[in-house]
Amino acid sequence: MAFKIGLLGLGTVGAGTAEILLNPAQRHPLLQELEIHRVGVRSLDKPRAVSLPADRLTTDLESIVTDPQIDIVVEVMGGLEPARSLMLKAIAQGKHVVTANKAAIARFGAEIFTAANQAGVYVLLEAAVAGGIPVIEPLKQSLCANRIHTLIGIINGTTNYILTRMQAEGSSFDDVLADAQQLGYAEADPTADVDGLDAADKIAILASLAFGKRINLEEVHCEGIRQITAADITYAERLGFVIKLLATAKRDGDSAFPDRLQVRVHPTLVPKTHPLTNVNGVYNAVLIEGDPVGQVMFYGPGAGSGPTASAVVADILNIAAILKVGRGSAVHADGRPLLDPLLACSHQDYAAIAPIDDLTTRFYARVLTQDFPGVIGRLGTTFGNHEVSLESVVQIGLREHQAEIVVITHCVKEGNFRKALEEIRSFDAVSNVPSVLRVLSGGFGDLA
Ligand code: NAP
Ligand code: HSE
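Predicted model only: the values in this text are computed from it and were never measured.

1. Re the site of ligand 1
Moving on, step 1. Neighbouring ligand 1 are 22 residues; Val13, Ser43, Lys46, Arg48 and Gly304 lie closest to it.
Moving on, step 2. The separation between an oxygen atom of ligand 1 and a polar main-chain atom of threonine 12 is 2.9 Å.
Moving on, step 3. Contact with the protein chains removes 78% of the 900 Å² of surface that ligand 1 exposes when unbound.
Moving on, step 4. Tallied by class, residues from the shell around ligand 1 come to ten nonpolar, eight polar and four charged.

2. A few points about the sheet that holds strand S4 (residues 72–75)
Moving on, step 1. An order of S3-S2-S1-S4-S5-S6 is seen for the six strands of this open sheet, with the pairing classed as parallel. The open sheet has two edge strands with one neighbour each: strand S3 (57–58) and strand S6 (123–124).
Moving on, step 2. Across four bridges, the pairing between S4 and strand S5 (residues 96–99) is parallel. Bridging from a neighbouring strand, valine 74 pairs with valine 98 of S5.

3. Some points on the packing of aromatic side chains
Moving on, step 1. Under the criterion given, the structure shown has three aromatic pairs.
Moving on, step 2. Aromatic side chains tyrosine 283 and tyrosine 299 sit 5.2 Å apart centroid to centroid with 15° between the ring planes, which places their arrangement in the stacked category. Of this pair, tyrosine 283 sits in strand S11 (residues 283–291) while tyrosine 299 sits in strand S12 (residues 294–301); the two residues are 16 residues apart in sequence, bridging distant segments of the chain.
Moving on, step 3. Taking relative accessible area as the criterion, tyrosine 299 reaches 47% and is therefore assigned partly exposed.
Moving on, step 4. Ring centres 3.9 Å apart and planes at 0° place the aromatic pair phenylalanine 363 and phenylalanine 417 in the stacked group. Remark: phenylalanine 417 occurs in helix H13 (residues 414–425) and phenylalanine 363 occurs in strand S13 (residues 360–369); sequence separation between them is 54 residues. In this pair, the class of phenylalanine 363 matches that of phenylalanine 417, namely buried.
Moving on, step 5. Site record: aromatic cluster; members linked through ring pairs are Phe363, Phe383 and Phe417.
Moving on, step 6. Looking at arginine 84, its charged tip hangs above the ring of phenylalanine 108, at a distance of 5.5 Å from the centre.
Moving on, step 7. Positioned over the ring face of phenylalanine 427 is arginine 378, at 3.8 Å from the centre of the ring.

4. Brief notes about the site of ligand 2
Moving on, step 1. With respect to spatial proximity, the complete set of residues near ligand 2 consists of Lys102, Asn156, Gly157, Thr158, Asp193, Asp198, Lys202, Gly302 and Ala303.
Moving on, step 2. Across the complex, the protein chains shield 81% of the 260 Å² of accessible surface that ligand 2 would expose by itself.
Moving on, step 3. Counting only elements with at least two residues in the shell around ligand 2, the list comes to helix H6 (157–169) and helix H9 (197–211).

5. Topic: the domain arrangement of the protein chain
Moving on, step 1. Partitioning the protein chain into domains gives domain 1 (3–131 + 305–329), domain 2 (143–299) and domain 3 (358–439).
Moving on, step 2. Computed from C-alpha coordinates alone, the two centres of domain 1 and domain 2 are separated by 28 Å.
Moving on, step 3. Contact residues are listed per partner, giving eleven residues for domain 1 and eight residues for domain 2.
Moving on, step 4. It is Lys102, Ala106 and Val129 in domain 1 that bury the most area against domain 2; as a group they hold 52% of the surface buried on that side.

6. Some details on the packing of helix H1 (residues 12–22) against helix H11 (residues 305–324)
Moving on, step 1. Axis separation between H1 and H11 bottoms out at 8 Å; the angle between their running directions is 60°. If you check the angle between H1 and H11, you find them oblique. Here H1 runs over H11; the crossing is right-handed. Between H1 and H11, the contacting residues are Thr12, Val13, Gly16, Thr17, Ile20 and Leu21 on the first element and Ser305, Thr308, Ala309, Ser310, Val312, Val313 and Ile316 on the second.
Moving on, step 2. For the contact of H1 with H11, the per-class residue count stands at seven nonpolar, six polar and no charged.

7. Quick word on the pairing of strand S7 (residues 147–154)
Moving on, step 1. Counting buried positions along S7 yields six of eight residues, so the element is predominantly enclosed.
Moving on, step 2. The sheet contact formed by S7 and S11 spans seven bridges and is antiparallel. Bridge pairing in S11 links isoleucine 148 to glycine 290.
Moving on, step 3. Relative to strand S9 (residues 241–251), S7 runs antiparallel, the two being bridged by four bridges. Bridging across to S9, isoleucine 152 finds its partner in threonine 248.

8. Thoughts on the nonpolar core
Moving on, step 1. Residues Val135, Leu151, Ile162, Ile203, Ile205, Leu206 and Ile288 are the most contacted members of the largest nonpolar core, which totals 80 residues.
Moving on, step 2. In this view, leucine 151 contacts Leu139, Ile203, Leu206, Ala210, Ala247, Thr248, Ala249, Val286, Leu287 and Ile288; residues no more than four positions away in its chain are not counted.
Moving on, step 3. Counting residues in hydrophobic clusters, the runner-up holds 37 residues, among them Val13, Val74, Leu339 and Leu343.

9. Comments concerning H9
Moving on, step 1. Along its 15 residues, H9 runs 21 Å from first to last C-alpha, staying within 8% of the 21 Å computed at 1.5 Å per residue.
Moving on, step 2. Counted residue by residue, H9 has 14 buried out of 15 residues, so it is predominantly covered.
Moving on, step 3. Immediately downstream of H9, the backbone of glycine 212 shows phi near 65°, a positive value.

10. Some points on the environment of isoleucine 322
Moving on, step 1. Looking at where isoleucine 322 falls in the secondary structure, it is placed in helix H11.
Moving on, step 2. The class of isoleucine 322 is buried, set by a relative accessible area of 2%.
Moving on, step 3. Remark: the alpha-carbon pair of isoleucine 322 and aspartate 340, spanning 18 residues in sequence, is separated by 8.9 Å.

Each value, and the rule that gives it
Residues numbered from 1 in each chain as written. Chains lettered and ligands numbered in written order. Predicted model: local features only at pLDDT ≥ 70, side-chain atom pairs only at ≥ 80, totals over all residues. Heavy atoms only, no water. Near = heavy atom within 4 Å. Polar contact = N/O pair within 3.5 Å; in protein donor to acceptor, adjacent residues only side chain to side chain. Areas by Shrake-Rupley, 256 points an atom, 1.4 Å probe, with all protein chains shown as cover. Nonpolar A, V, L, I, M, F, W, Y, C, P; charged D, E, K, R; others polar. Pairing = 2+ DSSP bridges. Helix = DSSP H or I, 4+ residues; strand = E, 2+ residues; numbered from the N terminus. Phe/Tyr/Trp six-rings, centres within 6.5 Å; stacked < 30°, edge-to-face > 60°. Buried < 20%, exposed > 50% of the residue type's maximum accessible area, 1.4 Å probe, protein only. Lys NZ or Arg CZ within 6 Å of the ring centre and 35° of its normal. Domains from an automatic or database assignment. Contact = heavy atoms within 4.5 Å. Buried area = accessible area lost by both parts, 1.4 Å probe. Axes fitted to C-alpha atoms, helices over the stretch in contact; angles between N-to-C directions. Parallel < 35°, antiparallel > 145°, perpendicular 65-115°, else oblique. Left-handed = near helix turned anticlockwise from the far one by under 90°. Core = buried A, V, L, I, M, F, W, Y, C linked by side-chain atoms within 4.5 Å. Expected span 1.5 Å × (residues − 1).

Encoded structure:
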């Protein structure tokens, strides 16, 4: 018996998926039981990277999700709509869904998984986070005996590529972004990547799985990398750090709010001794710290046709395996199909997320001031007045006839640091504070 696949999209990920499905030799034997039944696209005239009979392609995507012959709908078209409606329609028709769409899942996950549980179907999304790296299934299955404390990663390839090149070449953000667009790594509209929104979608999904709660995306603090300059990269380097866009989800540790989580995305100074420092280019990595496993690191290609398709097809095979052994036919007392609790998502409650002002972390700030006597002393006093203890203050040189002062703090409360900075910005002698970045403490997975 062949399982019939309806593919929504035949772009980068869709073509990679079709390529694997059409070439099962030397891969898992169950692949031979999968058949691409229909493929939905926007244009029938476009040249395709993969060869399929013309009559399999259609622009009528609704006809795919309602086709009674199709068992599994694979949504690799992207975007919010019509992807959301099509997934919901497929679920309502009793079809299992595999998706790579982190944007849709991070926003509509609650609606989609509630519908899937009602219908007794699976919605699997390994490809939605970190492309080819298996991290969703390990969180659901291999690590499920653990109490997860911290999850921290580089989960956007475009920004990691840009920062890696800025670091290696001393180039500016704008120059490297233009190159990344030309090479096809960055989208024509790079907003979702460079402003951290893509990483925010992904960390919301990972946090939900790691901590067993729904995450309200609007509460995920998100900063991108547009403000990072070659000067910051150089100072970071001299101080023993590299700058990375980190996505973090961890238990807050505030005894007044025992269940509260921190979920955030921001550029961070990472000590050169930390394992994430060596994750370069479009590669991704995710560190997970749990009890009792300790620390585990996942590393690999975070995007691209083949790696992402590898994750998509693994999900398809997981569902096909369940259908093949008839596990999909077990039912609840009320007749609803019974789902494998390690594969399905049944979170009900929303996590409490700590406001960013409550974060305790180290900071790096670059301040441009007039080169007057006493300026450094005033900065120190102002930070001190707001309970911000300084680890180092260095005046490295002059930039545009201004003294450039770089401050690193000890671990301080973000709200206190911001208040001190607001006061400092108002000094006559201070012309600008071009960069404020957080500094990773150094421990594996530790952003204290
Ligand atoms: P893509 O190359 O732009 O392909 C999108 C495909 O969907 C195209 O075949 C397009 O048809 C079709 N499509 C889009 N909107 C449609 C509509 N309204 N009606 C009919 N067909 C439509 O995108 P992609 O890079 O493969 O990404 C797909 C999904 O995977 C996204 O959710 C993305 O975030 C996710 N993802 C991508 C990567 C990656 O490396 N690219 C990695 C991880 C996850 P035409 O070909 O006719 O235009
Ligand atoms: N735009 C994403 C990235 C693609 O750069 O990581 C993979 O999700």
